[in-house]
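Observations on the model geometry
Each chain, letter by letter, is given below.
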Amino acid sequence: MEMRLGYGAGSVRLEVEGDERFEVVLPNELAGAEEETAEIERALDDSIGPGLEDFAGPRRAAIMASDITRPAPTSKMLPPLVRRLEEMGVSEVLVVFGLGTHRRMTVEEEDRLLGSSAGLPHLQHDKDRCVRIGETSRRTPVEILADVASCDLKIGTGNIEYHYYAGYSGGAKALLPGVSSERSVNKNHAMMTDPRARSGSLDNPVRLDMEEAAEIAGLDFILNVVLNSKKEIVRAVAGDFVKAHRAGAKVVDEMYRKAVSPAEIVVACAGGRPKDINLFQAQKAMENAKEAVLPGGSLILLAECAEGLGHPVFERWAGEAKCAEDCVERFGREYEFGGHKAALIARESLQKDLILVSSLRPELAEMVFFRHAKTLEEALAMARERQGRGARTIVMPYGNLTLATRG
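Residues numbered from 1 in each chain as written. Predicted model: local features only at pLDDT ≥ 70, side-chain atom pairs only at ≥ 80, totals over all residues. Heavy atoms only, no water.

**Quick look at the sheet that holds strand β12 (residues 221-227)**
The line we're drawing: Criterion used throughout: strands pair if DSSP finds at least two bridges between them. A run of H or I in DSSP counts as a helix once it spans at least four residues, and a run of E counts as a strand once it spans at least two, with each numbered from the N terminus. Note on geometry: axes are lines fitted to C-alpha atoms, helical ones only across the stretch in contact, with angles between N-to-C directions running from 0 to 180 degrees. Contacts are assigned to residue pairs with any non-hydrogen atoms lying within 4.5 Å of each other.
Judged by pairing direction, the sheet is mixed, and its six strands sit side by side in the order β6-β5-β4-β9-β12-β13 without closing on themselves. A strand with exactly one partner marks an edge of an open sheet, and here the two such strands are β6 (122-124) and β13 (233-239). Sheet twist, expressed as the mean angle between neighbouring strand axes with direction ignored, is 20 degrees. Looking at chain direction, β12 and β13 are connected through six bridges and run antiparallel. Note on β13: the bridge partner recorded for Ile 222 is Gly 239. In the packing of helix α7 (residues 243-256) onto the sheet, the strands contacted are β12 and β13, and the crossing angle to β12 comes to about 5 degrees.

Structure, rendered in structure tokens:
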């Protein structure tokens, strides 16, 4: 059987041998809505918790939107949402791209995300222009962008999928880290060392802290979507930032939580652009796939990484580590956002054989604890040499979306 696996803006070919040594783990995907706008309108009509109409009166609204590293279909969500706000009498609508601590976007990237809504007032988050509102019970400072804090109505948008330490994306993440200060982000993200901070977990200190911060900051409403692998809208949810988010997370589980019998070799595809734009993003597919790999097995990550590693601290921590053990030990005694990514990869490299198929220079891939392969065929040959020609192989074509659990 021949498969195409997403890689950058294109794909690579993989021939899967038709015998018991190969297993292709595909999600239980739902088809995209026939009319995506109608599905968004339905969610707005059937809000879980308060509806938009319950917020009639405010004059200024801030809509927090995802940046270019996320697949959220902002251009599809904005028109019906803005139209309803205008019908409610909201006179000023500001779209704020939630960069968190990510790089600034280009004008072309902004226009691509906004689509037909490009004429709306919009700006990108500036982590240095935040105002303090309070503090969570876990001692995270609640500091958000002044432009958002000053608005009467605060709305979060985004997509819901698995997230390797917040459990799921979406919901309160639009506010923290989306439009929060670096101090807030670092304090919140430092909780990822807790064993409960893992993909697919809602009993998760990182997620719960985000939601407490959103409550303090006054996040009024969310509009989130669940996408399939074709980036089509399967389900939209709207309303309370916890209740609506949980409804969306349930759909994600129905589609993408898969029980597997671990194998010696696993191929995890990061899903193509934007999920493999850099290794900082693509590593999430590795986290989703790690339970599918036997101890000592080979995990092949397929990710173009056209923008390199994607974070200067990530690169610095990896470069400063004398070995993988050194990086893991450092993470145990200090936290620096970006450094965590190096430590997580280092930790996996001590338990598994990590192979990266990407456009990175070989020495850069090796610096971040992977063996480098130019092609997927080369990576499979490397893995089979270590694991044996008869090793079982699991292929996860949608590793960015699918969460492997031990069956």
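From this point, the discussion proceeds with the structure in view.
**A look at unusual backbone geometry**
Residues Leu 176 and Pro 177 are joined by a peptide bond in cis, for which omega reads 20 degrees. Assignment of secondary structure puts Pro 177 in the loop between β11 (167-168) and α5 (182-189). Geometrically, the link from Arg 273 to Pro 274 is a cis peptide bond, its omega value of 5 degrees lying close to zero. Its location among the elements puts Pro 274 in the loop between β15 (263-269) and α8 (279-289).

**With respect to helix α9 (residues 312-320)**
Definition in use: Only protein chains enter the accessibility calculation, which uses a 1.4 Å probe; a residue whose area is less than 20% of its type maximum is buried, one above 50% is exposed, and one in between is partly exposed. Starting at the helix axis, one direction is taken to each C-beta atom, and the arc is that of these directions.
Among all positions of α9, only Val 313, Phe 314, Trp 317 and Ala 318 are buried. Axial view of α9: buried residues confined to an arc of 130 degrees, hence all on one face. On its buried face, α9 sits against α8, α10 (324-333), α11 (339-349) and α12 (362-367).

**Side note on the sheet that holds β15**
On the basis of which strands lie adjacent, the open sheet formed by six strands has the order β3-β19-β15-β16-β17-β18 and parallel pairing. Of all strands in the sheet, those bounded by a partner on one side alone are β3 (22-24) and β18 (371-373). The mean inter-strand angle of the sheet, taken between neighbouring strand axes irrespective of direction, is 20 degrees. Where strand β17 (residues 353-357) lies against β18, three bridges are found, and the strand directions are parallel. Residue Val 357 lies in a different strand from β18, and its bridge partner there is Ala 373. Most of the contacts of α8 go to strand β16 (residues 293-302), to which it runs at about 145 degrees, and overall it touches β15, β16, β17 and β19 (393-396).

**Notes on the environment of Met 77**
Examined against the element boundaries, Met 77 turns out to sit in helix α2 (residues 74-87). Judged by its relative accessible area of 1%, Met 77 is buried. For the pair Met 77 and Glu 41, spaced 36 residues apart in sequence, the C-alpha to C-alpha distance is 9.2 Å. When near neighbours in sequence (up to four residues on either side) are disregarded, Met 77 contacts Ile 40, Ala 72, Thr 157, Gly 158, Leu 223 and Val 225.

**Focus on the packing of α10 against α11**
Which entries qualify depends on this criterion: For classification purposes, angles smaller than 35 degrees are called roughly parallel, those larger than 145 roughly antiparallel, those between 65 and 115 roughly perpendicular, and all remaining angles oblique. Left-handed describes a crossing whose near helix is turned anticlockwise from the far helix by less than a right angle; the clockwise case is right-handed.
One way to put it is that α10 packs onto α11 with a least axis distance of 8 Å and a crossing angle of 130 degrees. Taken together, α10 and α11 sit at an angle that is classed as oblique. By crossing handedness, the relation of α10 to α11 is classed as left-handed. Along its contact with α10, which presents Ala 324, Cys 327, Val 328 and Phe 331, the element α11 presents His 340, Ala 342, Ala 343, Ala 346, Arg 347 and Ser 349.

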